[in-house]
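What the coordinates show
Listed here are the chains, written in short residue letters.
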Amino acid sequence: QVQLVESGGGLVQAGGSLRLSCAASGRTFSTYFMAWFRQAPGKEREFVSAITWSGGTTYYADSVKGRFTISRDNAKNTVYLQMNSLKPEDTAVYYCAAHVHGPISAYRLVREYDFWGQGTQVTVSS
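A brief report on the enclosed structure follows. Everything numeric in this text was worked out from a predicted model, so none of it was measured. (Residues numbered from 1 in each chain as written. Predicted model: local features only at pLDDT ≥ 70, side-chain atom pairs only at ≥ 80, totals over all residues. Heavy atoms only, no water.)

**A short note on the side chain of Asp-90**
Heads up, the condition is: Helix and strand labels come from DSSP, where a helix needs a run of H or I of at least four residues and a strand needs a run of E of at least two; each type is numbered from the N terminus. Note on exposure labels: buried denotes an accessible area under 20% of the residue type's maximum, exposed denotes more than 50%, and partly exposed covers the range between, all computed with a 1.4 Å probe on protein chains only. Any N or O atom pair separated by 3.5 Å or less is treated as a polar contact, with the protein-specific requirement of one donor-capable and one acceptor-capable atom, and with residues adjacent in sequence counted only for side-chain atom pairs. Throughout, a contact is declared for two residues whenever any of their heavy atoms are within 4.5 Å.
Along the chain, Asp-90 falls in the loop between β8 (78–83) and β9 (92–99). Accessibility expressed as a relative area gives 1% for Asp-90, which makes it buried. From its side chain, Asp-90 meets the backbone nitrogen of Lys-87 in a polar contact 2.8 Å long. Filtering out sequence-adjacent residues up to four positions away, Asp-90 remains in contact with Arg-38, Arg-67, Phe-68, Ser-85, Val-122 and Val-124.

**Side note on the nonpolar core**
Spelled out, the test is: Only buried residues count toward a nonpolar core. Its members are Ala, Val, Leu, Ile, Met, Phe, Trp, Tyr and Cys residues joined through side-chain atoms within 4.5 Å.
By size, the foremost hydrophobic cluster in this structure holds 38 residues, and its most contacted members are Leu-4, Met-34, Trp-36, Leu-81, Met-83 and Tyr-94. Only β3 (18–24), β4 (33–39), β5 (46–51), β7 (68–73), β8, β9 and β11 (120–125) provide two or more residues apiece to this core.

**What to know about the packing of aromatic side chains**
Formally: The rule is short: rings of Phe, Tyr and Trp, with Trp giving its six-membered ring, pair when the centres are within 6.5 Å, and they are stacked under 30 degrees, edge-to-face over 60, tilted in between.
For the coordinates displayed, the defined rule picks out 10 aromatic pairs. Aromatic side chains Phe-33 and Tyr-59 sit 6.2 Å apart centroid to centroid with 40° between the ring planes, which places their arrangement in the tilted category. Taken together, the residues span a long stretch of sequence, with Phe-33 in strand β4 and Tyr-59 in strand β6 (residues 58–60) at a distance of 26 residues. A relative accessible area of 24% means that Tyr-59 is categorised as partly exposed. A centroid spacing of 4.1 Å and a plane angle of 35° characterise the contact between Tyr-59 and Tyr-107, whose relative ring orientation is tilted. Taken together, the positions of Tyr-59 in strand β6 and Tyr-107 in the loop between β9 and β10 (115–116) put the pair 48 residues apart, joining distant regions of the chain. Ring-pair connections join several aromatic residues into one group, and the members of that group are Phe-33, Phe-37, Phe-47, Tyr-59, Tyr-107, Tyr-113 and Trp-116.

**Comments concerning the pattern of salt bridges**
Side chains bearing opposite charge may pair, as long as their charged atoms lie close to each other. Definition in use: The term salt bridge refers to a side-chain nitrogen of Lys or Arg lying within 4 Å of a carboxyl oxygen of Asp or Glu.
According to the stated counting rule, one finds 4 salt bridges in the structure shown. We note a salt bridge from Asp-90 to Arg-38, for which the minimum N-O separation is 2.9 Å. Highlighted residues: Asp-90 in the loop between β8 and β9 and Arg-38 in strand β4, separated in sequence by 52 residues. Side by side, Asp-90 and Arg-38 carry an identical accessibility label, which is buried. What you see here is one network of salt bridges that share partners, running through Arg-38, Glu-46, Arg-67 and Asp-90.

Written out as structure tokens, the structure is:
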């Protein structure tokens, strides 16, 4: 069983920054494919960003490309999401997700992930 705990959410003005963290349990964190998703009220959960086990390859939704940066520290079992130039439309609950079994193909899909955190609220005021 893998436990994921997000932190770092909060209220920020448009144009501001936040850094989210996701601390993971498990001895083999360095083998997990990790991702961030978000869900706004009344909307489906959507892909934000993902990172391979080594951190060598990253993926972003078009809506956040150039503003958000995903990274990981395998020594600390933690993945981060640095969010800059935040917009009101970034307001959502942000979830950390882990794919731990075998290769992943459709990394943008919720169903590809085995474990999820409880989420952290990000609110961007205009």
